[in-house]
Amino acid sequence: MEFSTGCGWTRLPVLAAAFILGSVLTVSAQIIPPFSPPAGASDEAETETAEAPDVNDPDVLKGIDVDKLDWSQLAVDAGTGIDPIAAKKRAQAAAKDGLDWSSNANANGSSAVTVKQSVFSFWDTRIGADMTVTSEPRTMSELLAQKATNGGNLPQSSGSAWATATAPGAGVIWDKTAVEARVDPGSEQSKLGASLTKSVPLSGDTSLTLQNGYSVNQQGTSAVPGIGGHITRNYETDQSAKVTLTDTGTSVTAGQTLSTTDDKWLRKVGAEQKLFDNVTVSGSVGETSQGAINKSVTAGFKKSW
């Protein structure tokens, strides 16, 4: 077998030059020492290996309730830097627009749970629910304790749904309109009410607030064999005038209420005094449908942050 190439004698110098260039590159590659990492690289690798977690290491979260941690501190964006106060304010603003949950324990072992959400900020429209949630007894002692606290019966879960809205008034006639609706399926009760408020300044530190309220209360009864259910409605209206002294923190209120069940005006007067920051004392004297006088004195503390 014979091989022939198309290279003539004139191309031999070119092939020779290519062979010599390749030999030089090979020798140069052998002269360059192999790559070696910096002196500190091996130490860093050993340190990373030594800091790797071990299953036998102590648990740093032992004894910490994860549910009580303030995770809002992590709500930080790269634009503002690490600012815990600003992060907490952003988290509170987000919670205001979203669902707001609150829970309080009752003496009978149940919990009062309230959830609300803003649906329309222009008219301050909110919807929510007020619930009483009971816990199932896990032991016989818990069962007996719950029955003893509730008169021999177990507490029952219940709840009602509500919606409120605050709208502007109608020019100079009134300043604010408030509407409230509430439905309690468990007791078959519902209420729809509205109030009109007008504020008039009397002097630099004294103001007068007039309010008219109207409501409809509906009560249903469940049907029993042989007797059908029926619905009763009660219409109620109330009128009140409140004088507020801003400098002294004193307010005096006088009003009257009329409903279809009472069929007569029931009058009431009251006063409220602000003692110091967030603490107030109030008292009232009012008529009842039975003719007796109802007196009450209360003290309250309110703090928001």
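Student: Help me understand the overall build of the protein chain, please; the structure alone is not making it clear to me.
Tutor: The helix and strand inventory of the protein chain stands at 4 helices and 12 strands. Relative to its full complement of 305 residues, the protein chain shows a buried share of 11%. For the protein chain, the proportion of contacts with a sequence separation of at least 24, taken over those separated by at least 6, is 27%. Carbon and sulfur atoms form 60% of the exposed surface of the protein chain, whose accessible area is close to 23,100 Å².

Student: Would you mind showing me how to read the environment of Lys-242 here?
Tutor: Tracing the chain through its elements places Lys-242 in strand β8 (residues 231-245). Taking the C-alpha atoms as reference points, Lys-242 and Ala-254, separated by 12 residues in sequence, lie 6.6 Å from one another. Dropping the residues within four chain positions of it, Lys-242 is found in contact with Ser-207, Leu-208, Thr-209, Ser-251, Val-252 and Thr-253.

Student: What's the story with the pairing of strand β6 (residues 189-201) in this structure? I'm lost.
Tutor: Each regular strand carries side chains that alternate between the two faces of the sheet. As defined by bridge partners, strand β5 (residues 176-184) adjoins β6 across 9 bridges and the pair is classed as antiparallel. By the bridge assignment for β6, Ala-181 is matched with Leu-192. Between β5 and β6, which pair antiparallel in sequence order, lie 4 residues; one of them, Glu-188, sits at a positive phi of approximately 55°. The sheet contact formed by β6 and strand β7 (residues 206-220) spans 13 bridges and is antiparallel. Across the sheet, residue Val-200 finds its bridge partner in β7, namely Leu-208. The hairpin turn running from β6 into β7, its antiparallel successor, is 4 residues long.

Student: What is the right way to look at the sheet that holds β7 in this model?
Tutor: For sheets, the rule is that strands pair by backbone hydrogen bonds, running either parallel or antiparallel. Spatially, 12 strands are ordered β1-β2-β3-β4-β5-β6-β7-β8-β9-β10-β11-β12 in an open sheet, and the strand pairing comes out antiparallel. Strand pairing shows two members of the sheet lacking a second neighbour, β1 (100-105) and β12 (293-301), which therefore form its edges. Direction aside, neighbouring strands of the sheet carry axes that sit 15° apart on average.

Student: Help me understand unusual backbone geometry in this model?
Tutor: In most cases, non-glycine residues show a negative phi, while peptide bonds are predominantly trans. With a phi close to 55°, Glu-188 is a non-glycine residue in the positive phi region. Mapped onto the fold, Glu-188 is located in the loop between β5 and β6. In this structure Glu-188 comes out as partly exposed when scored by relative accessible area, which is 33%. One non-glycine residue, Asp-263, lies in the positive phi region at around 60°.

Student: What am I meant to see in the pairing of strand β11 (residues 279-287) here?
Tutor: In the sheet, strand β10 (residues 266-276) pairs with β11 via 8 bridges, with the strands oriented antiparallel. Bridge pairing in β11 links Gly-270 to Ser-284. The antiparallel hairpin formed by β10 and β11 contains 2 residues in its connecting segment, where Asn-278 sits at a positive phi of about 70°. Relative to β12, β11 runs antiparallel, the two sharing 9 bridges.

Student: Sorry, what's going on with the environment of Gln-189 here?
Tutor: Within the secondary structure layout, Gln-189 lies in strand β6. In contact with Gln-189, not counting residues within four places along its chain, are Arg-182, Val-183, Asp-184, Gln-218 and Gln-219.

Student: Looking at this structure, how should I read the confidence of the model for the protein chain?
Tutor: The predicted coordinates of low-pLDDT regions are not to be read in fine detail. Per-residue confidence for the protein chain gives a mean pLDDT of 74; residues scoring 70 or more make up 64%. Mean pLDDT per element in the protein chain: helix α1 (residues 12-31) is the minimum at 43, and strand β9 (residues 250-259) is the maximum at 95. This model gives residues 1-50 a pLDDT under 50, and the stretch forms 0 contacts once residues within four places in sequence are excluded. In the predicted structure, residues 76-81 sits below a pLDDT of 50 and forms 7 contacts with residues beyond four places in sequence or in another chain.

Student: Quick question: what am I supposed to make of a nonpolar patch on the surface here?
Tutor: On the surface, Val-119, Phe-120, Phe-122, Trp-123 and Ile-127 cluster together into a nonpolar patch covering about 520 Å² of accessible area. Mapped onto the elements of the fold, Phe-120 is located in strand β2 (residues 111-120).

Student: Got a minute to help me understand the layout of surface pockets in this structure?
Tutor: Rolled over the atoms, a probe as big as a water molecule pinpoints where empty space is left. In this structure, the largest pocket occupies an estimated 520 Å³ of space. If you trace the largest pocket, you find 25 residues lining it, with Thr-253, Lys-268, Val-269, Gly-270 and Ser-284 closest to the centre. Of all the secondary structure elements, the ones that give two or more residues to the lining of the largest pocket are β7, β8, β9, β10, β11 and β12. A total of 7 residues in the lining of the largest pocket trace back to one element, the largest contributor, which is β10. Residue composition of the lining of the largest pocket, grouped by class: 4 nonpolar, 16 polar and 5 charged.

Student: Quick question: what am I supposed to make of the pattern of salt bridges here?
Tutor: Working definition: two side chains of opposite charge can pair if their charged atoms are close together. What the rule picks out here adds up to 3 salt bridges. Across the pair Arg-182 and Asp-130 runs a salt bridge, and its minimum N-O distance is 3.1 Å. You can see Arg-182 sitting in strand β5 and its partner Asp-130 sitting in strand β3 (residues 125-133), a full 52 residues away along the chain. We classify Arg-182 as partly exposed; its relative accessible area is 28%. By relative accessible area, which is 26% here, Asp-130 ends up partly exposed. As a salt-bridge pair, Asp-175 and Lys-198 come within 3.4 Å of each other at their nearest N and O atoms. On the criterion of sequence distance, the pair formed by Asp-175 in the loop between β4 (158-168) and β5 and Lys-198 in strand β6 is long-range, its members being 23 residues apart.

Criteria and thresholds
Residues numbered from 1 in each chain as written. Predicted model: local features only at pLDDT ≥ 70, side-chain atom pairs only at ≥ 80, totals over all residues. Heavy atoms only, no water. Helix = DSSP H or I, 4+ residues; strand = E, 2+ residues; numbered from the N terminus. Buried < 20%, exposed > 50% of the residue type's maximum accessible area, 1.4 Å probe, protein only. Contact = heavy atoms within 4.5 Å. Areas by Shrake-Rupley, 256 points an atom, 1.4 Å probe, with all protein chains shown as cover. Pairing = 2+ DSSP bridges. Axes fitted to C-alpha atoms, helices over the stretch in contact; angles between N-to-C directions. pLDDT = per-residue confidence, 0-100. Patch = residues over 30% accessible without salt bridge, like charges linked within 9 Å, V, L, I, M, F, W, Y side chains within 5 Å. Salt bridge = Lys/Arg side-chain N within 4 Å of Asp/Glu carboxyl O. 1 Å grid on protein atoms, 1.4 Å probe; cavity = no way out; pocket = protein on both sides within 12 Å on 5 of 7 lines; lining within 4 Å. Points joined across faces, edges and corners; volume = space filled by probe spheres on them. Nonpolar A, V, L, I, M, F, W, Y, C, P; charged D, E, K, R; others polar.

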